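Inside the fold
Listed below, chain by chain, are the residues.
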Amino acid sequence: MELANKVVVVTGGAQGIGKALCERFAREGATVMVADLNLAAAQTVADAIGGHALVCDVSSETQVQALVCHTQETLGPIDLFCSNAGIAVGDGGPNATSADNNVWQRCWDIHVMAHVYAARAALPSMIERGSGYFLQTVSAAGLLNQIGDAAYSTTKHAALGFAESLAITHGDQGIKVSALCPQYVATQMIGHSENNDLSQQPGVISVEQVAERVVQGLADEKFLIMTHDDVETYRQRKAADYDRWLGGMRRLRKNLLGA
C-alpha cells in the first residue's frame, strides 16, 4: 500500500507509537485523522501534521462508529484504519489470575473489541469499493507472551486471532490486514519519555523506528509486521517445540523475579 493521498485513521494517536504513525503517514502524503481519549493532545498532533483530530474511546462501539462516520463525511472514504490504542496493566501478581475482573474486561474491550468495532464500522464501504486496509497493533505478546501480565497477553493473543479471521474472511474482497507486533519500544507504557537516550538500552527502539517498519510493512502488504527481528526467531522456536519454549519462559520468569 502506498500512503500518498490516502485517508488514514489512527486511534491512540496522541502519543507513543500512534503519534509516530500519524507523523510518518503525513510525511508520506496521507491525510490523517488523529483519534484519542485526550482531544487536546490529539489536536496538537493534528495541527503539527496538517491533519484532523477527534476524541474517541475505542472501548465504546458508538464512539468508534462516530469516528468512522465523521471521517468519511469530512475526509472521504477510509483507506487505512489503524487500531492502535492499547493499555498495559502489569499486575505483577504471583498468579496468572491476579488481575481483577475489571482489568480483564478493560483489556478485552480495548485490545479485542475495539478492533471488532472498527472493522464492523469501516468494512461495509471498503467491501463496496473493493479495497481497504486494517493495521491492528497487537504486540509481540500476542505471538509469544508477556510475563507478569496475563490479561494483556491473553487479549493480545485474541487480537491476533481476530486479525487472522479478518484477513481470511475478507482477503478475497480486496481487504488487506496487517498485525503490528512491537516488542520493546520507548513509550510511556514501559516508562520511557520521548527524549530518553536509547543508546545504552539494547533492544529498546524508538517509536520513529517502529513507524518506519510499519511503512515498509504496508508497502509490502505483510500480515505480520515485526519491530524486532528476534521475535520471529522466538516464534519459530515456540512453534517447533512448545514444551521446550514454555520451559524457557518459566526459567526467564524465575530470573526476572530473582532480579
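Treat the numbers as computed from the prediction; the structure is a model and nothing was measured. (Residues numbered from 1 in each chain as written. Predicted model: local features only at pLDDT ≥ 70, side-chain atom pairs only at ≥ 80, totals over all residues. Heavy atoms only, no water.)

The subject of this paragraph is the overall build of the protein chain. Along the backbone of the protein chain there are eight helices and seven strands. For a compact globule of 259 residues, the expected C-alpha radius of gyration is about 18 Å, and the protein chain comes in at 18 Å, within 12% of that figure. If you line up the protein chain on its principal axes, its C-alpha atoms span 55 × 40 × 35 Å. For the protein chain, the proportion of its 259 residues judged to be buried stands at 47%. For the protein chain, the computed accessible surface area is about 12,600 Å², with 49% contributed by carbon and sulfur atoms. Computed over 19 positive and 27 negative side-chain charges, the inter-centroid distance for the protein chain is 8 Å. (Helix = DSSP H or I, 4+ residues; strand = E, 2+ residues; numbered from the N terminus. Rg over C-alpha atoms; globule rule 2.2 N^0.38 Å. Buried < 20%, exposed > 50% of the residue type's maximum accessible area, 1.4 Å probe, protein only. Areas by Shrake-Rupley, 256 points an atom, 1.4 Å probe, with all protein chains shown as cover. Lys, Arg positive; Asp, Glu negative; His and termini not counted. Charge placed at Lys NZ, Arg CZ, Asp CG, Glu CD.)

Time to look at the nonpolar core. Phe81, Phe134 and Leu143 are the most contacted members of the largest nonpolar core, which totals 42 residues. For this core, the element with the highest residue contribution is helix 4 (residues 101-129), accounting for 10 residues. In this structure, Leu21, Val32, Cys82 and Leu135 belong to the second largest nonpolar core, which totals 31 residues. (Core = buried A, V, L, I, M, F, W, Y, C linked by side-chain atoms within 4.5 Å.)

Turning next to the pairing of strand 6 (residues 175-181). Each regular strand shows side chains that alternate between the opposite faces of the sheet. The buried count for strand 6 comes to six of seven residues, which makes it a mostly enclosed element. As paired elements, strand 5 (residues 132-137) and strand 6 share six bridges and run parallel to each other. By the bridge assignment for strand 6, phenylalanine 134 is matched with valine 177. Each parallel crossover has a hand, and the one from strand 5 via helix 5 (residues 150-170) to strand 6 is right-handed. Two strands pair when backbone bridges link them, and strand 6 and strand 7 (residues 224-226) are joined in this way by three bridges, in the parallel orientation. Bridging from a neighbouring strand, cysteine 181 pairs with methionine 226 of strand 7. (Pairing = 2+ DSSP bridges. Right-handed = clockwise from strand over helix to strand, strands pointing away.)

Attention shifts here to the side chain of serine 139. Among the secondary structure elements, serine 139 is positioned in the loop between strand 5 and helix 5. When its relative accessible area of 6% is taken as the criterion, serine 139 is described as buried. Other than its neighbours up to four places away in sequence, serine 139 contacts Tyr152, Lys156, Leu180, Cys181 and Pro182. (Contact = heavy atoms within 4.5 Å.)

Our focus in this paragraph is the pattern of salt bridges. The tally for this structure, following the rule as stated, stands at six salt bridges. A salt bridge links arginine 24 to glutamate 212; its shortest N-O distance comes to 3.0 Å. With arginine 24 in helix 1 (residues 16-27) and glutamate 212 in helix 6 (residues 207-220), the pair connects residues that are 188 residues apart, well separated along the chain. Across the salt bridge formed by arginine 120 and glutamate 61, the nearest N and O atoms sit 3.0 Å from each other. Placement of arginine 120 in helix 4 and of glutamate 61 in helix 3 (residues 61-74) is noted, with a sequence separation of 59 residues between them. Of the residues examined, arginine 120 reaches a relative accessible area of 48% and is grouped as partly exposed. By relative accessible area, glutamate 61 is classed as partly exposed at 22%. Linked by salt bridges that have partners in common, Arg24, Glu28 and Glu212 make up one network. (Salt bridge = Lys/Arg side-chain N within 4 Å of Asp/Glu carboxyl O.)

Moving on to the pairing of strand 5. Strand 5 sits mainly inside the fold: six of its six residues count as buried. Here strand 5 shows no split at all, with Gly132, Phe134 and Gln136 on one side and Tyr133, Leu135 and Thr137 on the other all buried. Sheet analysis places strand 4 (residues 80-83) next to strand 5, joined by four bridges and oriented parallel. When the bridges of strand 5 are listed, serine 83 appears paired with glutamine 136.

This part takes up the sheet that holds strand 2 (residues 31-36). Taken together, seven strands build an open sheet; the order of strands is 3-2-1-4-5-6-7 and the sheet is parallel. This sheet does not close on itself; its edge strands, each paired only once, are strand 3 (52-55) and strand 7. Ignoring strand direction, the axes of neighbouring strands in this sheet form an average angle of 20 degrees. (Axes fitted to C-alpha atoms, helices over the stretch in contact; angles between N-to-C directions.)

So, on to a positive patch on the surface. On the surface, a cluster of positive charge is contributed by Arg237, Arg244, Arg250, Arg251 and Lys254. Considering each element in turn, the positive patch owes the most residues, four residues, to helix 8 (residues 242-258). Here arginine 237 lies in helix 7 (residues 229-240). When its relative accessible area of 53% is taken as the criterion, arginine 237 is described as exposed. (Patch = residues over 30% accessible without salt bridge, like charges linked within 9 Å, V, L, I, M, F, W, Y side chains within 5 Å.)

Now for the state of the cysteines. Scanning the entire structure with this criterion turns up zero disulfides. For cysteine 82, which is in no disulfide, the shortest distance to another cysteine sulfur is to cysteine 22 and amounts to 7.8 Å. Sulfur of cysteine 107: no disulfide; nearest cysteine sulfur belongs to cysteine 181 and is 17 Å away. (Disulfide = S-S within 2.5 Å.)

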